[in-house]
Structure formats: C-alpha cells, structure tokens
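Structure at a glance
Now for the letters of each chain:
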Amino acid sequence: MDRYVYFFGNKHADGDVSMKNILGGKGAGLAEMTNLGIRVPAGFTITTDVCTYYYEHDKKYPDELQAEVKDNIKKMEEAMGSKFGDVKNPLLVSVRSGARVSMPGMMDTVLNLGLNDDTVKGLIKKSGNRRFAYDTYRRFVQMFSNVVLGIDSSIMESILENKKKEKSVKNDSELSYNDLESLVTEFKNVVKKEKGADFPNDPEEQLWMGISAVFESWNVPRAITYRKLNKIPENWGTAVNVVSMVYGNMGETSATGVAFSRNPSTGENGFYGEYLINAQGEDVVAGIRTPQPINELSKKNPDEVSLETVMPAVYKELLEYAGLLEKHYKDMLDLEFTIQEGMLYMLQVRTGKRTAKAAVKIAVDMEKEGLIDKKTAILRIDPYSIAQLMYPAVDLSSKRDVLAKGLPASPGAASGEVVFSAEEAEEEVKKGKKVILVRMETSPEDIHGMSVSEGILTARGGMTSHAAVVARGMGKCAVTGCSVLEINGKQGEITAGKRVIKRGDIITLNGSNGEVYSGYVKMITPEINEDFKTIMKFAGGFRKLYVRANADTPEDAKVARNYGAEGIGLCRTEHMFFKGDRIKAVREMILSDTAEERQKALAKLLPMQKSDFLELYEEMKGYSVNIRLLDPPLHEFLPKTEKDIKELSEIMGISYEKLKSKTISLHEINPMLGHRGCRLGVSYPEIYEMQVQAIMEAACEFHKNGNKIIPEIMIPVVGIYEEIRLLKELTDRKAKEVMQKYGTKLKYLVGTMIELPRACMVADEIAKEAEFFSFGTNDLTQTTFGFSRDDIGAFLPDYLNKNILKADPFMELDRNGVGELMKIAANKGKAARTDIKLGICGEHGGDPSSIEFCHNLNLNYVSCSPYRVPVAIISAAQASIKAAKL
C-alpha cells in the first residue's frame, strides 16, 4: 500500500530533507528540523502524490487517506497534550501548502482551524486569555471564509476597518475581546448571506475543507502564473502540511517573525529579519502591519525596537538555530518562527529567495568559508537573474525630488507611470508604456501585474512582505512600507504630505535606499564588483563552451569584452548602413540600374565599412570576429510612406515617380522568405565583394600593425550547395586580392548561418565549402514552425495557456524540432569536415536552457547580446558541471 501521510513531532520525523519531492519543501524542512532536535510543533504532511491523485480522479482522495490522517491526528494530540475538536482542551491546527520548490504566497493557508463556539470556550479556559481566544477565532473565521469558502476578502476587511474606526484604534491588537467577539458574529452573518448556509462548525469537516482548499490552490491563476514565470512543472503538485498551532498573538510575550541567515538583498553575512509582537505569521507576510527589525544591526531608525532587545534569550536561541541550520543546509535560509509566551517554535526552513547581487556574494563567501566548493557556488547562481547585476541604479549625484522614503525591499532602480492595480499594469504595458505598480500592499493575486511592471511600491509591509519577496525573486525594483503615502486607488491618486501624485504621473523608485522620486531620475549602470569577477572566474574554470557576443558597434563590443566575451559571434553589417548619413549611399546603390552604378555607390560605402570593422577588431584584439554579409531585403532601406518617398526624391535629385516605382518593384509578399541573404549576393555580387574587401582590408591593416584578429565571413540564408560554392569562391578570390595588395597573409574563415531546415538536411554538402556553421535559431525557429517572430504574440498566450507549447520557442530553444534539426546539421557537418567550427548566434545564445542544449550538442561557442554574456558564462559552466554528474 502506498503511504500518503508522514508524521513529525517529539524530536522524530518519518521523513527528511531528501524527500522534498513527495513532502514538498515545507514538509521536508519541518521533518529535518524535528530530526535535528529543533523545537517544532507536531504535525503531519500529506504528500504531493495525493495532489496528483486528486486532480487525476475528479477531485477525490485515495481510499486509505482518511484513516492515515486520523491516525496522525492522534499522534499530534499525544505530542501536544491536547485534543482536536475537544471543548475543554482543544488542539488547533494550521493547514498549509508546500510545493517542492518555494512559491511564496502563491497557494493558500488556513490558520487556527478547529475553532467553533464550543472549542473557543476551551481555548479561553486553557489560556486564561479571553481576548487572545476571540482574536484567534476572528482570524480563523475571516481566513477560512476567504480561502475555503471563496468570499471576497474585502468584505470582512471592510467590517474590521470600520470596527477599528468605531473604536478609534489603529491596529487590530488594540481591539477588546468584546469587539472581537462581535466581529466573529458579524463575519458569520456575512457567510450566511453570501453562501446561504451557516459557517461550518464541525472541526473534522473544517479540516477536510481546508485540505481540499490547499490542493485547489495549486491551480489558482496566481499559482499558474508563478509556475510559468519560474518554469515549474504543473504535474509536481503541492503537499499539505497540517501543523499544531502555536500562538504569537497571546500578548506582549508572544510574537511571530521571518528571518534570513544572511541578508537576502545584499548577501552580507549577518542575521536579518523582522518580527511583530502579539501577532500571527500572516500579519508579517501579508504586510498588514509594518514589522520591527529582528536585531540592533537591522534597525533603520532609533524608534524601532528589536527582538534582540525585547526578548534577548529568545533571540539568542533563534540565532543559534539559524547558525545550526545554515551549517546543515550549507545555504542562505529563510526561517519562519513563532514565540508563544516566551517559548520559541520554528515553523519553516527553506532556501531563501535572494537578489542576483546577494546570490553572487553568498556563493563566493560560502566558498571562502569552506561551506561549499566552487562547483556548488556556480550552481547556486540563477543564470536567469544574473542580468540583474547590470540593472540601472539611481545616480545619486543627479538632481532628485524626493517624495517619500520606504524600505529598500529589492535593489535596482525603475521609472514609470503610476498604476494602481495589476490589471491596469497589464493594460498599460500592452500599450507600450512602462509602469510602477502602487498598492497599499500586494497580494498573490497581483502576480501578473507585478511581472510586467518596472517596479513595485507599497505603503505597508516590510522587507519580508509578499511584495518584497516576490520582487526580489523576479529581479524587480521594489520599495515597501512607505507609510507616509496615502494611496487611493479608486480616486487614482497618492498623497505624500501636501503633494498629490495622480494615475499616469511618472515616479522613480530607488530600491537600494527606499527613496521615491517625482519624475524621471538619471540612472547609471553599476560597476562590476569583486564578487562578480570571482564567480565569473570560477565559471571559466569549468565551462567548455566559449561565449561570444552579438555586437555591431565598438561600444557594444567593449561592453561585451568587459563582461568576458571571447569574440564576436554575429556582427550584422546592415545595422552599420543606418549610421550617420551613409544611408544615402546605400539608397543610391539600391536605386542604381546597372552594376557599374552600384559599384560607384558601393565605393562610397567601402571606407565606412572598413572603418567599422577596424573599430570592432580593436575591441576584440586576439579573438574571432564573425561578420555576416548583407542579409535583409533591399526594400527595408527605402522609405515606406508617400511623405518619406517625396522627401527622399528631393534629397537625392530623383523623380518621385522613379523612386516610387523602384520601391514598388522591390516590394515582396513574404520578404522573410524572399530576395535576401545569399540570394542578394547571387543577384548583386558586387555588394558582397565590397563587404569582403572592407573586412579583409581592415584585417590586413590591423595585422600589419602587429595585432591578431581572425575574421569569420558568414554567408546568410544558404540552403543549396551551389549558393555556398559560388559565394565562397567570390569571397576567397576577393580575400586573396586584398592580401596580395597588402603583402600579407592571415587566417580567415568562410562559413554560413544555418537558418533553414533544408540547410540542416544537406549540411554535409554545405560543409564541403563552409568552414563553420553558425546556427541562426531565430530564423530556424521561424522556418521550422512556420511561425512569424513578429506576429506570434497574437496567439502565443493561447498556446501557452492551453499547454500546446511549454515555452515561447523564440526565447527557449525547441529541442524536439529545431534542436533535432541542429543535431542533424552538426553530425552531417562534422562527418564532412572534422574541424568544422559550430556555434549559435540567435537569441537562444543567451538562454540558460538553450545553452545547456548547445553544450550537450558539443558546439564550440554560443553568442548572445552583450548584457547577457555573464548569463551565458554561468549557464555554460552549469551545463558542464551537470553533464559531468550524469
């Protein structure tokens, strides 16, 4: 018989940390802490297998589950010395989710389950604290009504706010037990009105309703969105953890909090966190009250009171637990705890979400401390987020109009128009705008708006609130707990003192110091620090793939070299044609009627192209520079509108009729598959001759000055052997002429971009001439799927939502289709030419998953945009380390 429930309590657990796949991260953590002798309230975990069964069997449970749950409740009762549903000595429980990877706030939780009008009396008698008992009862009815019964949370929140206004108090903790008792009655009346039935009173019924609600939350929209953003498989499912309640809301000697073994924003090695006196865990995470710092080191202002000061003995024990757990897990940890009347209980341990900056520092520091080795340090870096280190920061020397200051919850800087809801954020971004999402506090339902916003600003919540944790995980700039702001989403305005900011106004966030500015503020790119250099050095020692950059300008090339690029994998020469006034010479060439006229125009372009290549060679001294000959169809260089055609005809002294006629004659129904790439070289060989001459003259001059450079001349859109044979012959002839002219010899290569399915199938023929293949996976994806990269946005969301596609094929390489074609091409190419060089230069060259595929395919290099070079370096090292483990 399959086992579905695992117990933990009394310093023994049925499971351990190795069982994360079936116990989920939370359940495995609770079991591991129990086995380590750390004080954890007793409980049990229902496995992820049950979640899978639940969805595969029309939301029914395995026959054995009910009996297993009943047996484990008895074990809990024995461990805690109280009884579930008992009117004299009631055991209350929390029901919490727990996927195998952390999904903070994305799924549901129910606390204080087991209360009714009878058991609350037992809780009063047991605790001797009537106010605590009714505060707990109020919390339970409010949370259960929303999470399990599906009643809009704003209804009961509004009743609570009105009660506080009526009693002239600011915080929930200031309400009396009479106030709280009346709230329970009012909340139950809401349930009766909204659901047409009484609030469920049977604790066992409450428990199973709670368990089902948590399993249901695996497929709520916010959880689905988070899984897609973080590439979490939907078939993993969640576990359910039923844990004995311990209470942080029993008065001034009770508290709840969240802590990190190191700073999750900066990576500094110091205990870090927040807590609230007389509260429950959801108060901290949901940002309902702005918490206090956990220690003196974390204090931002002298008015704050730390746990270290208020409860020094408890703080010391918490610090010891954190140290023990970090050494055990060998990673930065996120800890949740509750203090019940001076007694510390640990409720969760998991790997802490961190910014890219913190991830790098923590990995480097832990390697220095001997906790982990270099390979582990590299594997700890999320390559998708490493680009955050290149995000802009506010230029503190520039003029800034400070509106307010909150907590620096997630670093970086962001400017955008103010919006007040996740839906509004999505709508405005679709219009091409950049937005800052402004909320009192965010909730998991805001995930879709947070993901498209430039930054997030909240009036409530601390450094460990939902907004802070999710923003850090996404690499979004965030400022939280900005309590001076009065946010009125309905009116569409923010009040900061005497100033009013309205919907659509521009604000800037500084996630490094928590400041909020009016309007745009000058930003700067941060410098690479020593930790970043160290992790890149670690990565260089393990990767087999070389990393190049796609760069068309010396500025891009310089950035790429600074980030560690080892050459240029794609220089798009057509981009150079728009520089300065050279477009005139290009258009003159296009409008020419004879080869002689074209050559005359091309002679004007020759010195310009040569100068471009010299500048690139200078930045890439000693490396290969792959230069693609002209690729786009000629009509792209001509004006489109009547106004622009008339304007150009006047500038060039050509009749409007002739210019319009030429534009019409060059127009193509499907230019992507039209007269472009090598087809231009076949029709107009003088264009490619000029480009080859410029490439080789620049290389010969560079070489004669004592510098090394290896030009790679790439002929695009080849699909037929005769195309590459003809144009390779042209290239070699022109290169030989130039080298003879300069009296020098240098190494150069001629190859092709593989971007057509036919090219993959006849790669052995093409390799007879081509000395390298560079996979142009942008166009190879288009021609394999028959998708237009420019138009896929209209239907891609439907394909993703209906699981027709698992990912955007233009962002993550399609291994089954495009990848198989690449395998065919690579194998055929190597069979025909053993020393053929293989690389990739599409957008996939900067995608970690695609880079892993390229490593496994034994390519020589990947090439990506300059700012993604560090991503590629880390990804290449990780691919190598993972492959060695297989």
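Heads up: these notes are all about the structure in this document. (Residues numbered from 1 in each chain as written. Predicted model: local features only at pLDDT ≥ 70, side-chain atom pairs only at ≥ 80, totals over all residues. Heavy atoms only, no water.)

**Quick notes on the nonpolar core**
With 132 residues, the main nonpolar core has Ile535, Tyr617, Met696 and Met822 as its most contacted residues. Element by element, the count of residues in this core is highest for helix 26 (residues 685-704), at 11 residues. Not counting the four nearest positions on each side in its chain, Tyr617 is found in contact with Val625, Ile627, Ile695, Ala698, Ala699, Phe702, Ile709 and Pro711. Grouped together as the second largest cluster of nonpolar side chains are 82 residues, Met106, Tyr134, Val190 and Trp208 included. (Core = buried A, V, L, I, M, F, W, Y, C linked by side-chain atoms within 4.5 Å. Buried < 20%, exposed > 50% of the residue type's maximum accessible area, 1.4 Å probe, protein only. Helix = DSSP H or I, 4+ residues; strand = E, 2+ residues; numbered from the N terminus. Contact = heavy atoms within 4.5 Å.)

**Thoughts on the pattern of salt bridges**
One pass over the structure, following the stated rule, counts 61 salt bridges. For Arg138, the salt bridge goes to Asp135, with nearest N and O atoms at 3.0 Å. Highlighted residues: Arg138 and Asp135, both in helix 5 (residues 130-147), separated by 3 residues, approximately one helical turn. A relative accessible area of 2% places Asp135 in the buried class. (Salt bridge = Lys/Arg side-chain N within 4 Å of Asp/Glu carboxyl O.)

**A word on the sheet that holds strand 1 (residues 5-9)**
By definition, the strands of a sheet pair up through backbone hydrogen bonds, in either a parallel or an antiparallel sense. Ordered by their spatial adjacency, 6 strands build an open sheet running 2-1-3-8-6-7, and the pairing between neighbours is antiparallel. Only two strands of the sheet have a single neighbouring strand rather than two, namely strand 2 (12-13) and strand 7 (109-113). Note: strand 1 against strand 2, 2 bridges, orientation antiparallel. Looking at the pairing, Phe8 lines up with Ala13 of strand 2. Strand contacts of helix 3 (residues 65-80): strand 1, strand 3 (43-46), strand 6 (93-99) and strand 8 (238-244), with the helix running at about 5° to strand 1, the strand carrying the most contacts. (Pairing = 2+ DSSP bridges. Axes fitted to C-alpha atoms, helices over the stretch in contact; angles between N-to-C directions.)

**Here we look at the state of the cysteines**
On inspection of all chains with the given rule, the structure shows 0 disulfides. Not engaged in a disulfide, the cysteine Cys477 finds its nearest cysteine sulfur in Cys482; these two sulfurs lie 12 Å apart. A residue is classified by how much of its surface remains accessible, and Cys477, at 3% relative accessible area, is buried. With no disulfide of its own, Cys864 has Cys854 as its nearest cysteine by sulfur position, at a separation of 11 Å. (Disulfide = S-S within 2.5 Å.)

**Considerations on the pairing of strand 34 (residues 861-864)**
The alternating pattern of strand 34 places Tyr861 and Ser863 on one face and Val862 and Cys864 on the opposite face, and all of these are buried. Two strands pair when backbone bridges link them, and strand 27 (residues 546-550) and strand 34 are joined in this way by 4 bridges, in the parallel orientation. Pairing of Arg548 across the sheet is with Ser863, part of strand 34. Sheet topology note: the strand 33 (residues 837-840)/strand 34 ladder contains 2 bridges and is parallel. What sits directly across from Ile840, in strand 34, is Val862. Taking the sense of rotation as the criterion, the β-α-β connection linking strand 33, helix 33 (residues 848-856) and strand 34 turns out right-handed. (Right-handed = clockwise from strand over helix to strand, strands pointing away.)

**A closer look at the side chain of Glu686**
For Glu686, the location among the structural elements is in helix 26. A polar contact of 2.5 Å, which involves the side chain of Glu686, links it to the side chain of Arg598. Beyond its immediate chain neighbours, meaning those up to four positions away, Glu686 contacts Ala595, Arg598, Gln599 and Leu602. (Polar contact = N/O pair within 3.5 Å; in protein donor to acceptor, adjacent residues only side chain to side chain.)

**Quick word on the environment of Phe772**
When you line up the elements, Phe772 lands in strand 32 (residues 772-775). Note on Phe772: relative accessible area 1%, which makes it buried. When the C-alpha atoms of Phe772 and Val750 are compared, they prove to be 6.9 Å apart, with 22 residues separating the residues in sequence. Residues contacting Phe772, with those up to four places away along its chain left out, are Asn626, Glu712, Ile713, Met714, Leu749, Val750, Gly751, Thr752, Ile836 and Lys837.

**A few points about the sheet that holds strand 21 (residues 485-488)**
Strand order across the open sheet formed by 3 strands is 21-22-23, with antiparallel pairing between neighbours. What marks the edges here is a single partner per strand, and that holds for strand 21 and strand 23 (499-502). Averaged over neighbouring strand pairs, the angle between their axes works out to 20° when direction is ignored. By the bridge criterion, 4 bridges tie strand 22 (residues 493-496) to strand 23 in an arrangement that is antiparallel. When the bridges of strand 23 are listed, Ile494 appears paired with Ile501.

**Concerning unusual backbone geometry**
Residue Lys11 is not a glycine yet carries a positive backbone phi of 65°. Relative to the helices and strands, Lys11 resides in the loop between strand 1 and strand 2. You will see that Asp58, though not glycine, has its phi angle at about 55°, which is positive. Mapped onto the elements of the fold, Asp58 is located in the loop between helix 2 (48-56) and helix 3. Judged by its relative accessible area of 62%, Asp58 falls in the exposed class.

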